Amino acid sequence: MELLLTLVTSTLWFLLAITILVFVHELGHFLTAKYFGMRVERFSIGFPPTLLGRRYGNTEYAVGATPLGGYVKISGMIDESLDTDHTEQEPEPWEFRAKPVWQRIVVISAGVVFNVILAIFIFAGIKWAEGETYIPAQNVEQVYVNEGSVAYEIGLRTGDQILEVNGQPFERFDQIAPPAIVAADSLTVTVQRDGEEKRLLGPSNIITQLSQAQNSGQGFGLGYYPPLIGQVQQGSPADSAGIQSADRILAINGDTVRFWQEMVTMIQETEGKPFQIRWRRADSLQADSLRPSATVVRADSEATVFEASVTPMYDEEQERHLLGIVAPSSTPAGRQLLYREIGVQHEDFGVLGAVRAGAAEAWQTSRNIVVTLQRVITGRDDFRQSIGGPVMIAKVTSDAAQAGLVPFWRLVALLSVTLAIMNFLPIPALDGGQFMFLVYEGITRRPPSVRVRLIAQQAGMILLLGFMAFVIFNDILRL
């Protein structure tokens with residue numbers, strides 16, 4: 001029952017996202033066609049069979065039973081319907097083919113443009129409503145690197161101080177986040193280690209490696225959060241020892257702990273055996289309020305340091321040893337504590353500033369997608385690991401929706417840019433194919449023959465159907 005509910009929820013969120021994107025895309029074609037005096041015979045969200053339909057004027061507005069797409073049927077245009085009856089007659093003034101080439105190019109391109117505008121609008125709205133929070137690199141002198149992670153394979157090591165990323169001074173930690181890495185195409189990182197500078201070069205298939213790491217739940221493998229306690233579970237080993245929220249772990253078995261992930265690794269290395277843990281509390285406690293197992297190591301006017309012996313519990317579901325503590329990034333109060341500790345900066349935007357920032361993010365997203373396609377086409381990255389289809393998109397959309405409205409809308413913006421770029425590829429069944437035919441007509445002063453356009457349209461549709469079947473099958477294998 002739980003699995004069925006999850007599938008239904010994922011499907012509904014996916015359909016909502018797709019409906020928004022398709023509606024905006026087709027609206028672009030519809031409005032520009034109407035503006036240039038073209039007759040629009042049908043505006044459909046979804047493909048036949050028709051569930052709902054109503055005619056207003058010369059246009060039928062419909063909702064189809066097949067939700068993965070939509071279309072605007074314009075009089076005098078050879079499209080997915082492969083209708084050629086109009087080609088045997090002279091063009092009517094309201095037909096697509098009767099209009100100047102530049103107007104037809106505008107109409108064909110409008111869907112893509114509207115998708116990009118939607119992405120800019122969403123990104124700008126998020127920037128205006130929430131601002132931007134970032135971590136200045138100068139506030140984090142060293143980083144933690146998971147062994148076996150993508151960051152580790154690049155050559156990064158725990159304790160490194162990052163100086164440059166892709167030849168640019170390292171100023172913000174989002175410079176080395178996966179989206180920035182993808183956009184850069186190739187990755188170079190300059191670090192300071194043991195007083196020496198080292199230049200590290202990322203692998204040629206870094207997008208494949210990032211995708212595999214993401215699917216395994218590991219991520220890039222770079223950490224910098226300090227070992228602050230966001231929350232303590234009641235009755236857990238940490239609670240029994242007297243550890244509280246906002247405490248900072250200092251050492252495990254005498255070894256210094258600098259990062260949250262470093263602490264997690266050290267706990268696993270104990271293999272469930274008792275170990276000594278030392279922590280610091282900014283607000284001093286009276287000795288008689290401690291658990292019997294905890295002792296005061298030292299105390300001053302600023303803080304008290306405690307130490308206790310704890311035995312971690314084993315969680316069979318996670319297959320890990322746990323103390324019962326929660327990372328500060330997982331709770332609102334913990335995030336505020338974390339932000340103060342590492343000096344997170346926040347920037348608010350006015351309307352114009354938000355639009356500029358939204359446009360910049362849409363451009364960065366576009367660059368990421370184009371670079372990924374280039375790398376896949378040239379064989380630098382694995383197609384099966386780098387490209388996701390409807391099933392994977394549905395999963396990601398559902399996860400984003402569960403995380404909140406902002407993650408959901410951010411994903412809709414990302415998908416909107418993706419749809420714009422993919423739909424403008426020079427494949428005859430897509431807008432990009434129609435655009436190429438119009439460019440040819442503009443240069444040669446004559447359109448391609450009807451036979452050529454029909455064959456190209458059919459070949460493009462077969463190619464797209466085959467591609468869709470492949471990515472769906474690939475998505476299922478990756479789940």
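Residues numbered from 1 in each chain as written. Predicted model: local features only at pLDDT ≥ 70, side-chain atom pairs only at ≥ 80, totals over all residues. Heavy atoms only, no water.

S.K.: Sorry, what's going on with the sheet that holds strand E6 (residues 168-169) here?
M.R.: Ordered by their spatial adjacency, 4 strands build an open sheet running E6-E5-E7-E8, and the pairing between neighbours is antiparallel. Both edges of this open sheet fall to E6 and strand E8 (196-201), since each of them pairs with a single strand only. (Pairing = 2+ DSSP bridges. Helix = DSSP H or I, 4+ residues; strand = E, 2+ residues; numbered from the N terminus.)

S.K.: For this particular structure, what's the right way to read the nonpolar core?
M.R.: For soluble globular proteins, nonpolar side chains are generally found buried alongside one another. Leu-156, Ile-162, Ile-176, Ile-206, Phe-220 and Leu-222 are the most contacted members of the largest nonpolar core, which has 30 residues in total. In terms of residue count, the dominant contributor to this core is helix H5 (residues 206-215) (4 residues). (Core = buried A, V, L, I, M, F, W, Y, C linked by side-chain atoms within 4.5 Å. Buried < 20%, exposed > 50% of the residue type's maximum accessible area, 1.4 Å probe, protein only.)

S.K.: Could you clarify how one ought to interpret the packing of helix H9 (residues 351-377) against helix H12 (residues 405-423) in this entry?
M.R.: Helices that pack against each other are described as a pair by the angle of their axes relative to one another and the distance between those axes. It is at 10 Å that the axes of H9 and H12 come closest, and there the two elements cross at 55°. When the axis of H9 is compared with that of H12, the two are oblique. Of the two elements, H9 crosses H12, and the hand of that crossing is right-handed. Of H12, the residues touching H9 (which contributes Glu-361, Ala-362, Thr-365, Ser-366, Ile-369, Val-370 and Leu-373) are Arg-410, Leu-414, Val-417, Thr-418, Ile-421 and Met-422. The class makeup of the residues in the contact of H9 with H12 is 8 nonpolar, 3 polar and 2 charged. (Axes fitted to C-alpha atoms, helices over the stretch in contact; angles between N-to-C directions. Parallel < 35°, antiparallel > 145°, perpendicular 65-115°, else oblique. Left-handed = near helix turned anticlockwise from the far one by under 90°. Contact = heavy atoms within 4.5 Å. Nonpolar A, V, L, I, M, F, W, Y, C, P; charged D, E, K, R; others polar.)

S.K.: Even after reading the chapter, I still don't get the pattern of salt bridges, so can you show me in this structure?
M.R.: This model, assessed by the stated rule, comprises 12 salt bridges. In this structure, the salt-bridge partner of Arg-97 is Glu-95, at a minimum N-O distance of 2.6 Å. A residue is classified by how much of its surface remains accessible, and Glu-95, at 8% relative accessible area, is buried. With its nearest N and O atoms 2.7 Å apart, the salt bridge here joins Arg-410 to Glu-361. Here Glu-361 lies in helix H9 and Arg-410 lies in helix H12, a separation of 49 residues in the sequence. Linked through salt bridges whose partners overlap, the residues forming this network are Lys-127, Glu-132, Arg-172, Glu-361 and Arg-410. (Salt bridge = Lys/Arg side-chain N within 4 Å of Asp/Glu carboxyl O.)

S.K.: Can you help me understand the packing of helix H2 (residues 101-130) against H9 in this one?
M.R.: It is at 7 Å that the axes of H2 and H9 come closest, and there the two elements cross at 130°. On the basis of the axis angle, H2 is oblique to H9. Of the two possible hands of crossing, H2 and H9 adopt the one that is right-handed. On the side of H2, the interface is formed by Ile-120, Phe-123, Ala-124, Lys-127 and Trp-128, while H9 contributes Val-351, Ala-354, Val-355, Ala-357, Gly-358, Ala-359, Glu-361, Ala-362 and Thr-365. Residues of the contact of H2 with H9, tallied by class, amount to 10 nonpolar, 2 polar and 2 charged.

S.K.: What exactly am I supposed to notice about the packing of aromatic side chains here?
M.R.: The relation between two aromatic rings is expressed through the spacing of the ring centres and the mutual angle of the planes. Scanning all chains against the criterion turns up 16 aromatic pairs. Geometrically, the ring pair formed by Tyr-35 and Phe-36 is edge-to-face, given 5.3 Å between the ring centres and 75° between the ring planes. For Phe-36, a relative accessible area of 14% puts it in the buried group. One Lys or Arg, Arg-39, reaches over the ring of Trp-94 and ends 4.1 Å from the middle of that ring. (Phe/Tyr/Trp six-rings, centres within 6.5 Å; stacked < 30°, edge-to-face > 60°. Lys NZ or Arg CZ within 6 Å of the ring centre and 35° of its normal.)

S.K.: Explanation requested: the pairing of strand E7 (residues 188-193) in the structure shown.
M.R.: Residues in a regular strand point their side chains to alternate faces of the sheet. Counting buried positions along E7 gives 5 out of 6 residues, so the element sits mostly inside the fold. The sheet contact formed by strand E5 (residues 161-165) and E7 spans 4 bridges and is antiparallel. Residue Gln-161 lies in a different strand from E7, and its bridge partner there is Gln-192. Of the strand pairs in this sheet, E7 and E8 are connected by 6 bridges, and their pairing is antiparallel. Bridge pairing in E8 links Arg-193 to Glu-196.

S.K.: I keep staring at the environment of Val-257 and nothing clicks. Help me out?
M.R.: Residue placement: Val-257 occurs in the loop between strand E12 (255-256) and helix H7 (260-269). Separated by 21 residues in sequence, Val-257 and Arg-278 place their C-alpha atoms 9.5 Å apart. If sequence neighbours within four positions are ignored, Val-257 has contacts with Pro-227, Ile-249, Leu-250, Ala-251, Ile-252, Glu-262, Met-263 and Met-266.

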